[in-house]
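# Structural overview for review
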Amino acid sequence: MSQFSSEDEAELQSLLRELLKGVKDRISGAPSVECAEEILLHLEETDKNFHNYEFVKYLREYVESSLGAVIEEETENFTRGDGHAVGSGQDTVVHAVTKRTRESTQYKQMMQTLKQTMMVVVESLINKFEEDQLKKEEMDRKSQHEQSSSHYTDNCSDSDSSFNQSYAFIKHEQLQVISEKLDPGRPRELRLEALQSLCYAPPSDVLSCESWTGLRRNLSAALTDPDPELSDKVLQFFAKTFSSSPLNVTKDVYSSIGSILSLFLIGLNINYFFFFLCSRYMEEIIENTLSFLALHSEQAMSSPGSEKSLEPVHLISLLDIKATWFKKWMHGYYSRTVVLRLLERKYKSLCNRHFKQYYLEFVYFVHSLCVLGRLVMYTNGRKLFPIKVKKRRDPVTLTDLVVILINIIGLYVCVCFCVYTLDSLSPTNLVMEVLRTLCDRTECAVECLYQIPVIETLLAPVITLLKGNAIPPKLNSLESGLTHIADMLARIATTERGLSLLLYDRNLVSAEGENISAAHVVVQFTQRLLAKELHVFSELEIPPAVSGAFIFVCRQMYNTCEGLQVLRPYSLHECIAKAWRKTSSMSERVPTPVPGAPPAITSQELQSVVAWEEMLLDNLLNFAATPKGLLLLQQTGAINECVTYMFSRFTKKLQVSRCEKFGYGVMVTQVASTAPGIVALQSSGFVQTIVVELWSALECGREDVRVVHPKSTPMDPIDRSCLKSFLSLVNLLSSPYAVWELLGHRALPNKMEYNLREMATSVLDLMDRLIIINSDTKIHSLFNYEQSHTFGLRLLSLLCCNLDSFLLLESQYNLSELLLQGQRDNVTDPPSGEGEFIIDGLSVERNHVLVRIGSVGGPSERRLPPRALQKGNDPYPWPIVSTYPLPKYYILDVPKALRTKQGKNRLLKHKVLLYICVMYGKFLKLLREDSEQDLCLLLKHCQEFLSQQRVSVSSELSCFQDGYPGHDWFASTVFLLMHGDVGRSLSLLLRFSRLLPSAFLWPPRLHSSVHLPIEIAQSGIHPIYSCTAHYVEMLLKAEVPLVFSAFRMSGFTPSQICIQWLGQCFWNYLDWPEVCHYVAICVIMGPDYQVYMCISALRHLQQDILQHTQTQDLQVFLKEEPIHGFRVSNYLEYMEGLECNYRSMVLSDMRSILPRSS
């Protein structure tokens, strides 16, 4: 079929009309002709009935008849030429045949014929459509009742040839005739006929014609015509234009409507009308809208007694009560810039009138509130303030606006909009929505909320209640108002600027007439709430929602170091604990229900009691966010219940609170730093959960992975799937107290047989299965032996970074001998123990651990072997350690006395650290060969001296068994300073014990000491943690905020690494001269320099800390790496500055810890 006959053209016309009818719904909603074309071009992809249309079937048959022979011939030529069947390379064949077919003469001839024929068919359809249109118009003129069109569809002919009106065409000459017919001087019937024709025309053709200017003028005249039929037709055309025209043409129509409405409003002063608001973001549209909204009736304004007429702002409020149009305009940068510029230059009166007509009616109030709330969100919007308002002497500032909004939710304003019961439209909820939005945006909060008048307004009802004055509103209003006030205060306390304002600005007058800060008012009110001592609630039960809301405000303060410093004198932890015990006893005393008897307490009441109990536990738990707060929590006796509650929330992956960005990671790390904390974590099941999660990732893998897709072999020592569990375990075991409590006096299982399904459930199991692998049975019990043992050795390396933890592991499990034997067995000839060492991942890890635990020294005093191989012929040039002492390669500038010493392992289980200390002293040329016995004697004397000053503690904590569980690093340091002289060392220590610095430089000195308050001595929390580490975190947040934030993000705490540094007198982290300087400045300058020393070290490491926070190995870096390049002398001036700013606070608190000291 190469040519089309007249019958073919008629058939094609019929089939095409049928196709257009079938897709009418799709293309009628297209906003432009271009969009409609895109829909038709992609019809095969979007219409499942595409191949069922007769027009498509007809075209397919035509293509097959025209090109079938060509396609078959090209296919045979291709397969014959390539010598293979069409199968494996089918895509290649199809593309090649298609290309050759399209290049053929037959294809070009077919396309030309088809194009010419379709042009004829389409032209016939258009002509037929125009004929039907004229017939329809004639019928409309004769008809007395005209069918009204909707705003989004047109009245098209129902004849077979009519299809969607957007794709009919109209000539410019016809539009010129229509424009002339619309002239106001023409007869009404003629104008109506022209408007009817215009409604059928495509808006894009109308608005792009040359006669649009005159047409627009005549349309405006028709819109203001008294005849409603004319104006209705114009509105039909405008509505159609809005729904289907591009922005550039919509702008013209919108501007026309704005101008007409402005004239109409001024001239007739109507009371009510609706109009369609366009949301297109064009400058002219915005200006026309603001111009329209700025209109008002001067007559009504000047006549107080006259009936108030509706103005444009009232009408738009009725149409869009929450000012969605304004929110959309302010969302985009371009439109927001235009709006703010026009408001500032030409329409600032709009802001004034929004404010002064605040109480006219509820709808207007809501709309005004939404507009003002959106306006002050942006910098340039806030610059519009202050605003001059009639009947007010002073301009309205931002602070004034916020104060008025707060008064709406407060206790003194009697809101007159109570008839509106919808929660979403209640004035209080709307105002709170605006205020919460301001709180969430830092710049807005600083300018609008962090102001003294705002805080005074928020706390005015609280201070009134504290003074015992009665407040008029009913209890429901009082409860709601107080809850909203507490919500705002909590949000303010979440940010640094807001917290500082609440804690330190003493501009409020208390009930006693003193000038105090907002924090003091809030905590006093909270105490009175918990004690039920408020006059207004004397005869009624205080709602838990109110008490909980104000406790939460206090919590936002006391979960920071600086906030706890201010609130600590009030003993709020005891008040909350007392309320919790009372509530807990109530829930426990609920009697067992008896059949037939009325219940003593309803289920709803029981749920309320349980919820209140959990709320109190949750707030008690948050004391554990700081070191000193954790001590206070331990003293309440509720630490086990709080940790169990935290574990229940942790397993459900719940957030700490609505104001907390991070999870429970930091709090868990803080709790794990102390003996009672780690025991509580163990009893709650938290430790077991972490271990099981780790074992599942390490040995079990994901259960949902099919066997046909095996897990790839990990390239890193710690696989990414295990990294989170690894870091959680490091955080958990970072403190020696955690290691003592979880592993102290516990022997390894060392079973004869391990079931492959047997999972590790404790840290002892991990030690047995992953680290102390001393039998073939343990090796065969692991699915991934090398990966799992490497994991265990990495964990062991981090544990041994803390020398006290290493002492426990070595004394209980003979750790070093096990590792040395592993190296000796890893040779080419294991039975004889000879041959070359095999270099693999495990031998490299063992070598690193052996060097780390076998030597002591700062960054320039020892050399640790790397864990990575290097390129070249010798991938691991570092000596393999198989016996002690270490090869001289690892000791920098080894003295001659050490070089002659060779032989087998001399390490005794209980004297390993004595040996290491003496070796370090010899390296420094401070000690003699026989100094080991002298050091042992000194430590024995110190132990006897200190044991006489300890209180008797009845506790199951391991740290209270057999005295101080760790090594006395300060005594060892003094021994080296005195060049191994036992007498001088002991004399110095005895005299030093009388000084305050001894309490903090000498950890065993205050271990359950009689000089401490009995509750602290029996707590199991050392003052170095509860005092020194507390102030390190407090000062770090103020002095080096980036480092403090990095710790928060990593889930690690500054207190943990500082406890490790201070506990071992910076051994292994600083060179010996810097260790001496640390001791000297703390003794001479004062114990508070211990805090300043830690701050200086962390400040020195700032760049490294930030970098390792990004790589998610901050804990590993801080524990394994020494502090390179740190010199005390370089930071002495900085420490003196810290002393000037903080000594009065830090040193006084250090002194207060020892009230019983003589």
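Residues numbered from 1 in each chain as written. Predicted model: local features only at pLDDT ≥ 70, side-chain atom pairs only at ≥ 80, totals over all residues. Heavy atoms only, no water.

The protein chain carries the name Protein broad-minded in an unreviewed UniProt entry, which gives Cyprinus carpio carpio as its organism. Taken from UniProt, the Function (unreviewed entry) comment for the protein chain reads in full: "Required for high-level Shh responses in the developing neural tube. Together with CDK20, controls the structure of the primary cilium by coordinating assembly of the ciliary membrane and axoneme, allowing GLI2 to be properly activated in response to Shh signaling." (UniProt positions renumbered as here; feature names shortened; annotations may be inferred.)

## So, the overall build of the protein chain
A tally of regular secondary structure across the protein chain gives 60 helices and four strands. For the protein chain, the residues scored as buried account for 54% of the 1158 residues in total. Sequence separation of at least 24 residues holds for 73% of the intrachain contacts in the protein chain that already meet a minimum separation of 6. For the protein chain, the computed accessible surface area is about 54,600 Å², with 52% contributed by carbon and sulfur atoms. (Helix = DSSP H or I, 4+ residues; strand = E, 2+ residues; numbered from the N terminus. Buried < 20%, exposed > 50% of the residue type's maximum accessible area, 1.4 Å probe, protein only. Contact = heavy atoms within 4.5 Å. Areas by Shrake-Rupley, 256 points an atom, 1.4 Å probe, with all protein chains shown as cover.)

## Structural notes on the environment of S673
Note on placement: S673 falls in the loop between α35 (665-672) and α36 (675-684). With 63 residues separating them along the chain, S673 and P736 place their C-alpha atoms 8.0 Å apart. Not counting the four nearest positions on each side in its chain, S673 is found in contact with S735, Y737, Y1025 and Q1056. Side-chain polar atoms of S673 contact the backbone oxygen of T669, separated by 2.9 Å. (Polar contact = N/O pair within 3.5 Å; in protein donor to acceptor, adjacent residues only side chain to side chain.)

## Brief notes about the packing of helix α49 (residues 969-977) against helix α56 (residues 1072-1084)
The interhelical angle for the contact between α49 and α56, taken along N-to-C directions, is 110°, at an axis separation of 11 Å. As judged from the angle between their axes, α49 and α56 are roughly perpendicular. Note on packing geometry: the crossing formed by α49 with α56 is left-handed. The residues of α56 that touch α49, namely those facing F970, T973, L976 and L977, are W1072, V1075, C1076 and V1079. Split into classes, the residues belonging to the contact of α49 with α56 amount to seven nonpolar, one polar and no charged. (Axes fitted to C-alpha atoms, helices over the stretch in contact; angles between N-to-C directions. Parallel < 35°, antiparallel > 145°, perpendicular 65-115°, else oblique. Left-handed = near helix turned anticlockwise from the far one by under 90°. Nonpolar A, V, L, I, M, F, W, Y, C, P; charged D, E, K, R; others polar.)

## A few points about unusual backbone geometry
Along the chain, F385 connects to P386 via a cis peptide bond; the corresponding omega equals 5°. When you line up the elements, P386 lands in the loop between α21 (379-382) and α22 (398-409). In this structure, the amide linkage connecting Y884 to the following residue, P885, adopts the cis form with an omega of 0°. Relative to the helices and strands, P885 resides in the loop between α45 (841-853) and α46 (896-899). Positive phi, normally seen in glycine, also occurs at N750, with a value near 45°. Note that N750 resides in the loop between α39 (736-743) and α40 (763-771). Exposure remark for N750: the relative accessible area of 37% places this residue in the partly exposed category. For N814, which is not glycine, the phi torsion reads 50° and is therefore positive. Residue classification places N814 among the partly exposed positions, given a relative accessible area of 30%.

## Thoughts on the pattern of salt bridges
Following the criterion strictly, the structure yields 27 salt bridges and no others. Residue D487 is joined to R491 by a salt bridge in which the shortest nitrogen-to-oxygen separation is 3.1 Å. You can see D487 and its partner R491 sitting in helix α26 (residues 475-493), four residues apart, about one turn around the helix. For R491, a relative accessible area of 18% gives the class buried. In this structure, K1037 and E562 form a salt bridge, with 2.9 Å as the shortest nitrogen-oxygen distance. Residue K1037 is located in helix α53 (residues 1023-1039), and its partner E562 is located in helix α30 (residues 561-567); the two are separated by 475 residues in the primary sequence. Note on E562: relative accessible area 9%, which makes it buried. (Salt bridge = Lys/Arg side-chain N within 4 Å of Asp/Glu carboxyl O.)

## Description of the confidence of the model for the protein chain
Mean pLDDT over the protein chain stands at 80; residues scoring 70 or higher make up 78%. Here α46 stands out as the least confident element of the protein chain, with mean pLDDT 35; helix α57 (residues 1089-1100) is the most confident, with 97. With pLDDT under 50 throughout, residues 82-90 is counted as low confidence; its partners more than four residues away or in other chains account for three contacts. A low-confidence stretch, residues 354-360 stays under pLDDT 50, and its non-local contacts, those more than four residues away or across chains, total 22 contacts. (pLDDT = per-residue confidence, 0-100.)

## Quick word on the nonpolar core
Core analysis: the largest hydrophobic core is formed by 296 residues, its most contacted members being L449, L681, L732 and W1067. Among the elements that line this core, the one with the most residues is helix α47 (residues 912-923), at 10 residues. Discounting residues that sit within four places of it in the chain, L449 has contacts with V402, L435, L438, C439, C444, V454, I455 and M488. (Core = buried A, V, L, I, M, F, W, Y, C linked by side-chain atoms within 4.5 Å.)

## Concerning the side chain of S788
In this structure, S788 sits in helix α42 (residues 785-801). Dropping the residues within four chain positions of it, S788 is found in contact with L698, E699, L770 and L782.

## Focus: the packing of helix α25 (residues 452-466) against helix α28 (residues 518-531)
Relative orientation of the contacting elements α25 and α28 amounts to 35°, with a least axis distance of 10 Å. Here α25 and α28 pass one another in a crossing that is left-handed. Where α25 abuts α28, its residues I455, L459, V462, I463, L465 and L466 lie against A518, V521, V522, Q524, F525 and R528. Residue composition of the contact of α25 with α28, by class: 10 nonpolar, one polar and one charged.

## Considerations on the side chain of D768
Assignment of secondary structure puts D768 in helix α40. Filtering out sequence-adjacent residues up to four positions away, D768 remains in contact with L748, P749, N750, Y754 and K778.

## What to know about a nonpolar patch on the surface
Among the surface-exposed residues, F837, I839 and L869 lie close enough to one another that they form a single nonpolar patch of about 250 Å² accessible area. Structurally, L869 is set in the loop between α45 and α46. (Patch = residues over 30% accessible without salt bridge, like charges linked within 9 Å, V, L, I, M, F, W, Y side chains within 5 Å.)

## Focus: the packing of aromatic side chains
Inspection of every chain in the model, using the stated rule, returns 22 aromatic pairs. Between Y876 and W878 the ring centres are 5.1 Å apart and the planes differ by 70°, which places this aromatic pair in the edge-to-face class. The exposure class assigned to Y876 is buried, which follows from its relative accessible area of 6%. What makes W878 buried here is its relative accessible area of 15%. (Phe/Tyr/Trp six-rings, centres within 6.5 Å; stacked < 30°, edge-to-face > 60°.)

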